[in-house]
Amino acid sequence: MNKSKPLVSIITIVFNGAAYIEDTIKSVLNQTYDKIEYIIIDGGSTDGTLEIIEKYNEHVKWISEKDNGISDAFNKGIRLAKGDLIGIINADDWYEPDAVQNIVSCCENECTVICGDVKLYNSKTAFNLKKSTLKGLNKKMTVWHPGMFVPKSVYDKVGLYDQGYKVLMDYDFVVRCTMAGIKFYFHDGVVASMRYGGISNRLISKSMKEALTIKNGHFGANWKNHFEYVYYNIYFQTIIFIKRIIYR
């Protein structure tokens, strides 16, 4: 890695994301850091997303074709990436203007994953500040993916995202990194924002099943894993049921 000024690859995956994709694109192109390669992986959008992307042809490398889910789209982007450091920002999310500059300033070596804080928006103005950590990783995903930047060398060592997971592929990847001895550095500052309602929120039951599989596979099956699965499944389904009654 060129420690003084590494090339940073930013990947956005999108499918029918016309509502917000331009905000995401602008947040990448308006970065204060100027050595950025931007790659967009589109899953075959039909809602006007491609027309928006085409407006930025001079600044973006992109492909549009059907894929086999989020993991497949992530992996396509990583394989195309030429940067020393890779960030993934989805089409509902956006970066702070100095996000990449701040992350690059934290680079110590080519085998450290760098994570910044993330704002999770519940409305246009209300948000919760989310800080990544490895504490409690054996119970749930504790790293906020939009704020995570991974050296290409780490993907070379640990492997890409497991296409067997449709929701929590990032959880599995982070666990594999820790088990391979990869170091994590946590930057104290906001680098990205995301809108509440991503796929892990929409597919609660699927998400929890995958979490159980990941925990059992990496940390060993035990009664606590199954108890948490049953408990949180009932908890979240109850909340969803109540909200449907209130807002119907």
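Everything below is about the structure shown above.
Predicted model only: the values in this text are computed from it and were never measured.

Chemist: What is the right way to read the overall build of the protein from this model?
Modeler: In terms of regular secondary structure, the protein is built from nine helices and nine strands. Relative to the globule expectation of 18 Å for 248 residues, the C-alpha radius of gyration of the protein, 18 Å, shows essentially globular dimensions. Its C-alpha atoms give the protein principal-axis dimensions of roughly 50 × 45 × 35 Å. In the protein, which comprises 248 residues, the share counted as buried stands at 46%. Across the protein, every contact between residues at least 6 apart in sequence was considered, and the portion connecting residues at least 24 apart equals 74%. Just so you have it, the protein exposes about 12,700 Å², and 53% of that area is on carbon and sulfur atoms. Across the protein, the 31 positively charged side chains and the 27 negatively charged ones have centroids separated by 7 Å.

Chemist: Which parts of the structure should I look at to understand the side chain of S132?
Modeler: Looking at the element boundaries, S132 is found in the loop between strand 7 (127–130) and strand 8 (148–151). In terms of polar contacts, S132 uses its side chain to reach the backbone amide nitrogen of W144, at 2.8 Å.

Chemist: Any chance you could explain the packing of helix 6 (residues 169–179) against helix 8 (residues 204–219) here in plain terms?
Modeler: Here helix 6 crosses helix 8 at 15°, and the two axes come no closer than 10 Å. It follows from the interaxial angle that helix 6 and helix 8 lie roughly parallel. Crossing hand, helix 6 versus helix 8: right-handed. Along the contact surface, helix 6 presents Y171, D172, V175, R176 and M179, while helix 8 presents A211, I214, K215, H218 and F219.

Chemist: Help me understand unusual backbone geometry in this model?
Modeler: In most cases, non-glycine residues show a negative phi, while peptide bonds are predominantly trans. Backbone geometry places N16, a non-glycine residue, at a positive phi of 50°. Looking at the secondary structure, you find N16 in the loop between strand 1 (8–14) and helix 1 (21–29).

Chemist: How should the environment of K119 be read in this particular structure?
Modeler: Topologically, K119 is positioned in strand 6 (residues 112–121). Sequence separation between K119 and K131 is twelve residues; the distance between their C-alpha atoms is 8.9 Å. Setting aside chain neighbours within four positions, we find K119 in contact with F127, N128, L129, V190, A192, S193 and M194.

Chemist: Would you mind going over the environment of D42 with me for this structure?
Modeler: Here D42 lies in strand 2 (residues 36–42). Considered as a pair, D42 and A73 are 31 residues apart in the sequence and their alpha carbons are 7.9 Å apart. Not counting chain neighbours up to four residues away, the residues in contact with D42 comprise V14, F15, T49, L50, I63, S64 and E65. In terms of polar contacts, D42 uses its side chain to reach the backbone amide nitrogen of G44, at 2.8 Å. A polar contact of 2.6 Å, which involves the side chain of D42, links it to the side chain of S64.

Chemist: Can you walk me through the pattern of salt bridges in this structure?
Modeler: Close approach of charged atoms allows side chains with opposite charge to pair. Scanning all chains against the criterion turns up ten salt bridges. In this structure, D23 engages R195 in a salt bridge whose closest nitrogen and oxygen atoms are separated by 3.7 Å. Taken together, the positions of D23 in helix 1 and R195 in strand 9 (residues 183–195) put the pair 172 residues apart, joining distant regions of the chain. For D23, a relative accessible area of 40% corresponds to the partly exposed category.

Chemist: Where do I start with a nonpolar patch on the surface in this structure?
Modeler: Taken together, the side chains of W223, F227, Y231, Y232, Y235 and F236 make up a nonpolar region of the molecular surface, amounting to roughly 700 Å² of accessible area. Judged by its relative accessible area of 30%, F236 is partly exposed.

Chemist: In this structure, what is going on with the nonpolar core? I would like to understand it.
Modeler: In summary, soluble globular proteins display a tendency toward joint burial of nonpolar side chains. Residues I11, V113, M148, V154, Y155, Y161 and F173 are the most contacted members of the largest nonpolar core, which totals 33 residues. I11 has contacts with I39, I41, F74, G77, I78, I86, G87, I88 and I89, leaving out every residue within four places of it along the chain. I25, A91, C107 and V118 belong to the second-largest nonpolar core, a separate cluster that totals 31 residues.

Chemist: Could you clarify how one ought to interpret the pairing of strand 7 in this entry?
Modeler: Across a regular strand the side chains alternate sides, sitting on one face of the sheet and then on the other. Direction of pairing for strand 6 relative to strand 7: antiparallel, over a ladder of four bridges. The partner of V118 across the bridge, within strand 7, is K130. Taken together, strand 6 and the strand that follows it, strand 7, pair antiparallel across an intervening segment of five residues.

Chemist: Before we go on, may I ask you to explain the side chain of N75 in this structure?
Modeler: Looking at where N75 falls in the secondary structure, it is placed in helix 3 (residues 70–80). On the accessibility criterion, N75 (2% relative accessible area) is buried.

Conventions we followed
- Residues numbered from 1 in each chain as written.
- Predicted model: local features only at pLDDT ≥ 70, side-chain atom pairs only at ≥ 80, totals over all residues.
- Heavy atoms only, no water.
- Helix = DSSP H or I, 4+ residues; strand = E, 2+ residues; numbered from the N terminus.
- Rg over C-alpha atoms; globule rule 2.2 N^0.38 Å.
- Buried < 20%, exposed > 50% of the residue type's maximum accessible area, 1.4 Å probe, protein only.
- Contact = heavy atoms within 4.5 Å.
- Areas by Shrake-Rupley, 256 points an atom, 1.4 Å probe, with all protein chains shown as cover.
- Lys, Arg positive; Asp, Glu negative; His and termini not counted.
- Charge placed at Lys NZ, Arg CZ, Asp CG, Glu CD.
- Polar contact = N/O pair within 3.5 Å; in protein donor to acceptor, adjacent residues only side chain to side chain.
- Axes fitted to C-alpha atoms, helices over the stretch in contact; angles between N-to-C directions.
- Parallel < 35°, antiparallel > 145°, perpendicular 65-115°, else oblique.
- Left-handed = near helix turned anticlockwise from the far one by under 90°.
- Salt bridge = Lys/Arg side-chain N within 4 Å of Asp/Glu carboxyl O.
- Patch = residues over 30% accessible without salt bridge, like charges linked within 9 Å, V, L, I, M, F, W, Y side chains within 5 Å.
- Core = buried A, V, L, I, M, F, W, Y, C linked by side-chain atoms within 4.5 Å.
- Pairing = 2+ DSSP bridges.

Without other data, these values stay purely geometric and don't point to any function.
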